[in-house]
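Residue-level structure breakdown
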Amino acid sequence: MKIAFVGKGGSGKTTLASLFLRHLAAETPAPPLLGVDADINQHLAAALGAPEDHHQPTLGEHLTAIKDHLRGDNPRVLSAADMIKTTPPGRGSRLVGIADDNPLYDRFVREVDGVRLAATGPFAESDLGVSCYHSKVGAVELLLNHMVDGAGEYAVVDMTAGADSFASGLFTRFDVTFLVCEPTLRSVGVYRQYLEYARDFDVRVAVVGNKVIDGDDVAFLRQHVGADLLTWIGRSDHVRAAERGEIRPIGALEPDNRDALRSMRALVDTVEKDWAKFHRQTVQFHLRNASAWANGRAGRDLAEQVDPGFVAGPVSLAG
């Protein structure tokens, strides 16, 4: 399963993403797992408990190398420069799994407290006035487009805040999107905006309440998000300690909050993988980007990168 955490800035989506990742990693046996920090504020490694001297190589600074690996010997992709963030895989492309040993993971993935982690990298001073953060997130979109995740495997992505996710087709790359929502009107407003944008793309959204103090908070969330409210995280000394830099074992999380994490995994595990839809949306957003800007830059029609009849999935990975 590919899973996203989204929500208003400051809603706690990085905290919940880290709790969910650590919850999965603590299972016996631990499932194949990959965390990806795709937020402009790169805090997922710290939330997982990375030491101060942790060095995390970044995907966003090495887009050409990522393209070169993923395009493989696909004859429809002429070079790394010819490949854009939406280029779909085809015959000859290199697909990656969750638990693969491959050059990209060797170079960019590091383990933090039992969680294998990749990160886009922060918005650097050299980027100011030159590029937008979505140029870095394009590396994650390419990686997810070429990722074949099997049963019982989880890729968990901490996304950019608010509606920024809709600046590309990245928001369609997930089997389940957990929208973290505080019991406030501003947070509910982001939920409504997200649903409005995602409505036509068959995006599965489940709301996880956060910073819930009492029954009034739960009633507020139920009033405004209805049946989309899956569960909620209540007041947590465990989380407050983490915010002070004290990362406690996930087993010490309050029982009700641990149950919330179990509910989230239970939902994820009921979702059936739809590879045909996933690839169809990959192609849809590629054709949009090709006609909007990329054909002019490439000097050719990048619709030619679409391999008719090819659909990514476990069989194509094995092949």
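In what follows, the structure referred to is the one given above.
Just so it is clear, the structure is predicted and the values come from calculations on it, not from any experiment.

**Description of the overall build of the protein chain**
From N to C terminus, the protein chain includes eleven helices and eight strands. Taken over C-alpha atoms, the radius of gyration comes to 19 Å for the protein chain, in line with the 20 Å a tight globule of 319 residues would show. Its C-alpha atoms put the protein chain at 60 × 45 × 40 Å along the principal axes. Across the protein chain, every contact between residues at least 6 apart in sequence was considered, and the portion connecting residues at least 24 apart equals 75%. Accessible surface for the protein chain amounts to roughly 13,900 Å². Of this, 50% is attributable to carbon and sulfur atoms. In the protein chain, which carries 34 positive and 42 negative side-chain charges, the distance between the mean positions of the two groups comes to 3 Å.

**A closer look at the sheet that holds strand S5 (residues 154-158)**
Pairing in this open sheet of eight strands is mixed, and the strands run S3-S4-S2-S5-S1-S6-S7-S8 from one edge to the other. The sheet is open, and its two edges are formed by strand S3 (110-112) and strand S8 (229-234), each paired on a single side. Sheet twist, expressed as the mean angle between neighbouring strand axes with direction ignored, is 30°. Pairing of S3 with strand S4 (residues 115-119), which is carried by three bridges, proceeds in the antiparallel orientation. Pairing of Val112 across the sheet is with Val115, part of S4. Here helix H1 (residues 13-25) sits on the sheet in contact with strand S1 (2-7), strand S2 (33-37), S4, S5, strand S6 (176-181), strand S7 (205-212) and S8, set at roughly 155° to S1.

**Some remarks on the pattern of salt bridges**
Taken as a whole, this structure holds 18 salt bridges when the rule is applied. The partner of Arg265 in a salt bridge is Asp269, with the nearest N and O atoms 3.4 Å apart. Of this pair, Arg265 and Asp269 both sit in helix H9 (residues 255-270), four residues apart, which is roughly one turn of the helix. Judged by relative accessible area, which is 44%, Asp269 ranks as partly exposed.

**As for the nonpolar core**
Counting residues in hydrophobic clusters, the biggest one holds 48 residues, and the most contacted among them are Met147 and Tyr194. Those residues in contact with Met147 that sit more than four places away from it in its chain are Lys2, Leu34, Val96, Ile98, Tyr105, Ala155 and Trp275. Counting residues in hydrophobic clusters, the runner-up holds 34 residues, among them Leu21, Val176, Ile250 and Leu267.

**Let's talk about the packing of H1 against H9**
One way to put it is that H1 packs onto H9 with a least axis distance of 10 Å and a crossing angle of 80°. In this view, H1 runs roughly perpendicular relative to H9, as classed from their interaxial angle. In this structure, H1 uses Leu19, Phe20, His23 and Leu24 to contact H9, whose residues at the interface are Arg258, Leu261, Arg262, Met264 and Arg265. In terms of residue class, the contact of H1 with H9 is built from five nonpolar, one polar and three charged.

**Thoughts on the packing of aromatic side chains**
Across all of its chains, the model carries seven aromatic pairs by this definition. Ring centres of Phe5 and Phe178 lie 5.4 Å apart, and the angle between their planes is 45°; on these two criteria the pair is classed as tilted. Linking Phe5 in strand S1 with Phe178 in strand S6, this pair joins segments that are 173 residues apart in sequence. In this structure, Phe5 and Phe178 share a single accessibility class: buried. When the ring of Phe20 is compared with that of Phe178, the centres are 5.9 Å apart and the planes differ by 70°; the resulting orientation is edge-to-face.

**A look at the layout of surface pockets**
The computed volume of the largest pocket comes to approximately 440 Å³. The wall of the largest pocket is formed by 23 residues, among which Gly12, Thr14, Thr15, His43 and Ala47 lie closest to the centre. Counting only elements with at least two residues in the lining of the largest pocket, the list comes to H1, helix H2 (44-48) and helix H8 (237-243). Element by element, the count of residues in the lining of the largest pocket is highest for H1, at six residues. For the lining of the largest pocket, the per-class residue count stands at seven nonpolar, eleven polar and five charged.

**Some words on helix H6 (residues 185-198)**
Residues spaced three or four apart along an α-helix face the same direction, because each turn holds 3.6 residues. The end-to-end C-alpha distance of H6 is 20 Å, a good match for the 20 Å that 14 residues give at a rise of 1.5 Å each. Listing the buried residues of H6 in full gives Ser187, Val188, Val190, Tyr191, Tyr194 and Ala198. End-on view of H6: buried residues confined to an arc of 155°, all on one side of the axis. When the buried face of H6 is taken as reference, the exposed residues oriented beyond 90 degrees from it are Leu185 and Arg186. Contacts made by the buried residues of H6 are with S1, S6, S7 and helix H7 (215-225).

Cut-offs used in this document
- Residues numbered from 1 in each chain as written.
- Predicted model: local features only at pLDDT ≥ 70, side-chain atom pairs only at ≥ 80, totals over all residues.
- Heavy atoms only, no water.
- Helix = DSSP H or I, 4+ residues; strand = E, 2+ residues; numbered from the N terminus.
- Rg over C-alpha atoms; globule rule 2.2 N^0.38 Å.
- Contact = heavy atoms within 4.5 Å.
- Areas by Shrake-Rupley, 256 points an atom, 1.4 Å probe, with all protein chains shown as cover.
- Lys, Arg positive; Asp, Glu negative; His and termini not counted.
- Charge placed at Lys NZ, Arg CZ, Asp CG, Glu CD.
- Pairing = 2+ DSSP bridges.
- Axes fitted to C-alpha atoms, helices over the stretch in contact; angles between N-to-C directions.
- Salt bridge = Lys/Arg side-chain N within 4 Å of Asp/Glu carboxyl O.
- Buried < 20%, exposed > 50% of the residue type's maximum accessible area, 1.4 Å probe, protein only.
- Core = buried A, V, L, I, M, F, W, Y, C linked by side-chain atoms within 4.5 Å.
- Parallel < 35°, antiparallel > 145°, perpendicular 65-115°, else oblique.
- Nonpolar A, V, L, I, M, F, W, Y, C, P; charged D, E, K, R; others polar.
- Phe/Tyr/Trp six-rings, centres within 6.5 Å; stacked < 30°, edge-to-face > 60°.
- 1 Å grid on protein atoms, 1.4 Å probe; cavity = no way out; pocket = protein on both sides within 12 Å on 5 of 7 lines; lining within 4 Å.
- Points joined across faces, edges and corners; volume = space filled by probe spheres on them.
- Expected span 1.5 Å × (residues − 1).
- Arc of directions from axis to C-beta.

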